[in-house]
Amino acid sequence: MSGVFSDPGALSRHRDVLVATEDTRHKVVAVCGGTGCRAQGAMKVFDALCTEIDAHGADRTVGMRATGCHGFCERGPLVKVLPEGILYEHVQVADVVEIVEKTLLGGEVLERLLCEDPVTGQRYRREEDIPFYSHQRRIVLRDTGQLDPTSIDDYIAAGGYSALVRALEMGPTAVLEEVKRSGLRGRGGAGFPAGRKWEACRSAAGELRYVVCNADEGDPGAFMDRSILEGNPHSVLEGMTIGAFAMGAREGYVYVRQEYPLAVEHLDLAIEQSRALGLLGDAILGSDLSFDVRVSRGGGAFVCGEASAMMASLEGRRGVPHRRLIHLSEHGLWGRPTNVNNVESWANVPLILLNGAEWFRAIGTEGSPGTKIFSLVGMVNNTGLVEVPMGMTLRQIIFDVGEGIPDGKAFKAVQTGGPSGGCLSADKLDVPVDFDTLVAEGSMMGSGGMIVMDEETCMVDVAKYFLRFLASESCGNCTSCRDGLSILHDLLGDITEGRGTRETIALVEELADTVEATSLCALGTSAVNPVLSTLRYFREEYLAHVDDKRCPAGVCKALISFSILAERCNGCTLCAVRCPQDAVVGEKKQPHTITQELCIKCGICKDVCNRDAVLVQ
Amino acid sequence: MDVELIIDDVPVTAAAGASLLDVARCAGRDVPALCHHEAVPAIASCRLCLIEVRRPGRDWVQLTTSCDYPVSAGLVVVTNSPRIRKHRGMNLELLLRRAPDAPVLRQLATQFGVTRARFAPVTDAPLPDCILCELCVRVCCALDYNALAATGRGHDKRVGPPFGRTAAKDCVGCGSCVEACPTACIPMADTATTRTIWGRTFELLTCVRCGRPITTKAHAAAMAAGADLPVKSTDLCEVCKARLTSERLASPRR
Ligand SMILES: Cc1cc2nc3c(=O)[nH]c(=O)nc-3n(C[C@H](O)[C@H](O)[C@H](O)COP(=O)(O)O)c2cc1C
Ligand code: SF4
Ligand code: SF4
Ligand code: FES
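Keep in mind the model is a prediction, meaning the values are calculated, not measured. (Residues numbered from 1 in each chain as written. Chains lettered and ligands numbered in written order. Predicted model: local features only at pLDDT ≥ 70, side-chain atom pairs only at ≥ 80, totals over all residues. Heavy atoms only, no water.)

A. Seen up close, the overall build of chain A. For chain A, the count of helices and strands is 25 helices and 19 strands. Relative to its length of 617 residues, chain A is compact, with a C-alpha radius of gyration of 27 Å against a globular reference of 25 Å. With the C-alpha coordinates of chain A rotated into their principal frame, the extents come out at 85 × 65 × 40 Å. Across the 617 residues in chain A, those meeting the buried criterion constitute 60%. Here the contacts in chain A between residues at least 6 apart in sequence split such that 71% fall between residues at least 24 apart. Surface summary for chain A: the accessible area is close to 23200 Å², and the carbon and sulfur share equals 50%. For chain A, the centre of its 61 positive side-chain charges and the centre of its 83 negative side-chain charges are spaced 2 Å apart. (Helix = DSSP H or I, 4+ residues; strand = E, 2+ residues; numbered from the N terminus. Rg over C-alpha atoms; globule rule 2.2 N^0.38 Å. Buried < 20%, exposed > 50% of the residue type's maximum accessible area, 1.4 Å probe, protein only. Contact = heavy atoms within 4.5 Å. Areas by Shrake-Rupley, 256 points an atom, 1.4 Å probe, with all protein chains shown as cover. Lys, Arg positive; Asp, Glu negative; His and termini not counted. Charge placed at Lys NZ, Arg CZ, Asp CG, Glu CD.)

This is the structure we're talking about:
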């Protein structure tokens, strides 16, 4: 590397050299090195590929990269061959020799490793042919599957830090105006317009001010922020630097949760590299901008992602929310003006500066421009990280990107917005996904969790599940949230266990109203969403539990019984052998029966029966 | 700086930034509050001091706590309404699970007509009757002893010695937390010569004149250290100090 870039020209000359070197390589193999693929052995595959390529003396013509997450972790380890864009799934060390000899040197595509469609069984040749990818619009995630996140040169070669150069040319006021015009809204939950927040911070009184990146990401199952930090840490740093320039901050913090060691490692490395090249530090690119970033590791409590609690935690106090009548933009970290944005929000900033506010506004909807990354999980064929334009309908996300519900089951509900989001029913599938519509429908965007549920899901049980999480994550300050949520959880327990009445439902509604109306922070005020939304869209299911003591989805153990349909049972004894309670009785080759007093409703009999003879009622 | 606001239709003048709860109470309004003390920072835990506020230029009324609401010009405040009573009542009902017999809660229950106990009482709290308001913690912190802390989350939140210890290492036995506790739930036991509190037993300092206990020796030493005074100045109890003063005043030598 070339020492500190003394001006933008030095950066661009460095980029030219990098691009010229790249061009001498005929192929690049990008192995996904995200946490998901690593857990499935991706780095072993990477090492084996390197060795094999070296052994063939092809290391000059074939480049190797361990990249960030490709988003399709369930198919990992993923290996992509560029420039063709051939994507191989479930690659094992045993496949390596063949990949090198046939695909890399022979130009032949290995049919058996291509991504298989879960519905049609068809195999797709290139990434952009796969429905999971073809319906997405990856702008923030565009490079996470292409670049080596540990190499600043990869980022620079792909045009990295030219948005910063652009910003320095424009000057702080114009940068702020551009972000305001882009209509970018915070991706961390509330969807507050970023430009307005920046402006408040910039015009707040005081010499020192801070920019903070919220990477606490406490929603169970969510990993969009982790993937960005792991896969493209420089995009976040560049965004923060541009923000610091616009707001006049000299210091920044990234608050990352403890459980993200790889994200921290890559971020630390990225900061080090940026400092070495003068992209962080004093007189950045020869300008009068001085800015540096520190990483702070959070203790892991969900509530620490709430901005005021995060401030307390950054200052070394207990991570508990407090009232913010004066905005953090005026009175934040150590009482100084502070601007907090989410990882994904920051990562959008360089794109806006580089391509312009109009380009950004052309994606998404009028009120919610741009894209949003979702973590699509649950009962859906394709799970993973998906980035789609705002305004795409739930149906398109679940049935086009996600390719529908597995095993031919019916869609029942989708929960958006993380644990305190709401559950929407099938008649809401054509609702466009944007900040305002989701709230109007009783859910929220949150940070982008999306859990798909099929017909075998009990919505009362689902609400209970989320309340359990939220009750245990309440910081314990407010009577309403601390005690209200744990009682709500218990009341739902009464309903799922057959002790509920219509009065229980009324009490749930009355209590939820107080929790929502009187809790201090958004954890408390939004925690009732799972209950209220399921009561709104799935009320009959609650009534079946309390009036008929019946769980229509066949989930709540206290309300279901297992029996064997005599006309289907051929007396194969499979279930009788497996039943841990010896509750299934009957002669060989004769219809069996279940002794209800012994049955613990574990469902093993239903799972093992080949003839679908076990009935759940 | 003084600002004008309206509380229950009555114009009121108050210092900007003062706690709306204090201001409303000064104006003679009855707002229930269990976790508030003028001397320590508000955390707004009990959620009883609810009021309705409309800020100037806004056309909507916000239901919010008053103890941590700084007064500003032009606020229009309502301290009692059906909505306020409904939510206060519910939060009171929640607190009653934790301290069903605490006089302060019983009295509020009567006042707000909360007669039902629809929720099962809390039976697993290590400190019975504690409503987790952290007044003890905040008072101890304001006195700079920092012997107590709030730990845990949700239903498992606790107050007491930090890090789950059984004894409060930095406690000096001053008993200020006992004074501050709204439900009088902190066990403190005095004998003629000792005081036991938060898992520790302290020797008491007795008045050199009458022999009555004054405070713990540890507390006296801490005060003396803080004020740069010899321990001696605290050798007399308040009663004897007063007596001594009047004796001196009466003495002919003056
Ligand atoms: C309980 C709770 C948890 C939160 N967790 C996160 C989080 O993990 N990451 C995040 O960016 N924002 C989180 N937020 C939202 C933040 O308070 C804040 O609005 C956000 O970081 C602002 O950034 P943005 O405007 O770019 O979205 C949370 C909020 C609440 C109430
Ligand atoms: S609403 Fe819940 S999480 Fe938020 S401050 Fe109150 S108790 Fe803590
Ligand atoms: S012990 Fe008393 S003062 Fe301390 S938190 Fe409990 S109720 Fe409040
Ligand atoms: S006195 Fe305000 S919340 Fe307790």
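B. Highlighting the site of ligand 2. Near ligand 2 there are 13 residues, and of these Cys475, Asn477, Cys478, Cys481 and Cys521 of chain A occur at the shortest range. Here the residues of the shell around ligand 2 are counted per class, giving 8 nonpolar, 5 polar and no charged. (Near = heavy atom within 4 Å. Nonpolar A, V, L, I, M, F, W, Y, C, P; charged D, E, K, R; others polar.)

C. Structural detail: the domain arrangement of chain B. All names here are of chain B. What the domain assignment lists for chain B is domain 1 (2-85) and domain 2 (135-249). Between domain 1 and domain 2, a total of about 550 Å² is buried, with carbon and sulfur atoms accounting for 67% of that surface. Our enumeration of links across domain 1 and domain 2 arrives at 0 salt bridges. The residue makeup of the side of domain 1 that touches domain 2, split by class, is 6 nonpolar, 2 polar and no charged. (Domains from an automatic or database assignment. Buried area = accessible area lost by both parts, 1.4 Å probe. Salt bridge = Lys/Arg side-chain N within 4 Å of Asp/Glu carboxyl O.)

D. Looking closely at the packing of helix H20 (residues 502-518) of chain A against helix H2 (residues 82-98) of chain B. Taken N-terminus to C-terminus, the directions of H20 of chain A and H2 of chain B make an angle of 105 degrees; their axes are 10 Å apart at the nearest point. Taken together, the axes of H20 of chain A and H2 of chain B are roughly perpendicular relative to one another. Contact residues: Glu510, Leu511, Asp513, Thr514, Ala517 and Thr518 of chain A in H20 of chain A; Lys86, His87, Met90, Asn91 and Leu94 of chain B in H2 of chain B. For the contact of H20 of chain A with H2 of chain B, the class distribution of residues is 4 nonpolar, 4 polar and 3 charged. (Axes fitted to C-alpha atoms, helices over the stretch in contact; angles between N-to-C directions. Parallel < 35°, antiparallel > 145°, perpendicular 65-115°, else oblique.)

E. A look at the packing of aromatic side chains. Residue and element names in this part refer to chain A. Per the counting criterion, the structure on display carries 12 aromatic pairs over all chains. Plain terms: the ring middles of Trp198 and Trp346 are 5.7 Å apart, the flat faces sit at 35 degrees to each other, and that makes the pair tilted. In this pair, Trp198 is assigned in helix H9 (residues 194-203) and Trp346 in helix H14 (residues 343-355), connecting sequence segments 148 residues apart. By the burial criterion, Trp198 is buried, and Trp346 matches it. With a centroid separation of 6.1 Å and 55 degrees between ring planes, the pair formed by Tyr253 and Trp334 is classed as tilted. Of this pair, Tyr253 sits in strand E8 (residues 251-257) while Trp334 sits in the loop between helix H13 (307-314) and strand E10 (338-342), and the two are 81 residues apart along the sequence. Among the residues examined, Tyr253 registers a relative accessible area of 9% and is labelled buried. (Phe/Tyr/Trp six-rings, centres within 6.5 Å; stacked < 30°, edge-to-face > 60°.)

F. View of the sheet that holds strand E7 (residues 210-215) of chain A. All names here are of chain A. Spatially, 4 strands are ordered E9-E8-E7-E10 in an open sheet, and the strand pairing comes out parallel. Each edge of the sheet is formed by a strand with only one pairing partner; in this case those strands are strand E9 (292-298) and E10. Neighbour-to-neighbour, the strand axes of the sheet open up by a mean angle of 20 degrees, direction not taken into account. As paired strands, E7 and E10 are joined by 5 bridges and run parallel to one another. Looking at the pairing, Tyr210 lines up with Thr338 of E10. Sheet contacts for helix H12 (residues 261-276): E8 and E9; angle to E9, the most-contacted strand, approximately 165 degrees. In the packing of H14 onto the sheet, the strands contacted are E7 and E10, and the crossing angle to E10 comes to about 95 degrees. (Pairing = 2+ DSSP bridges.)

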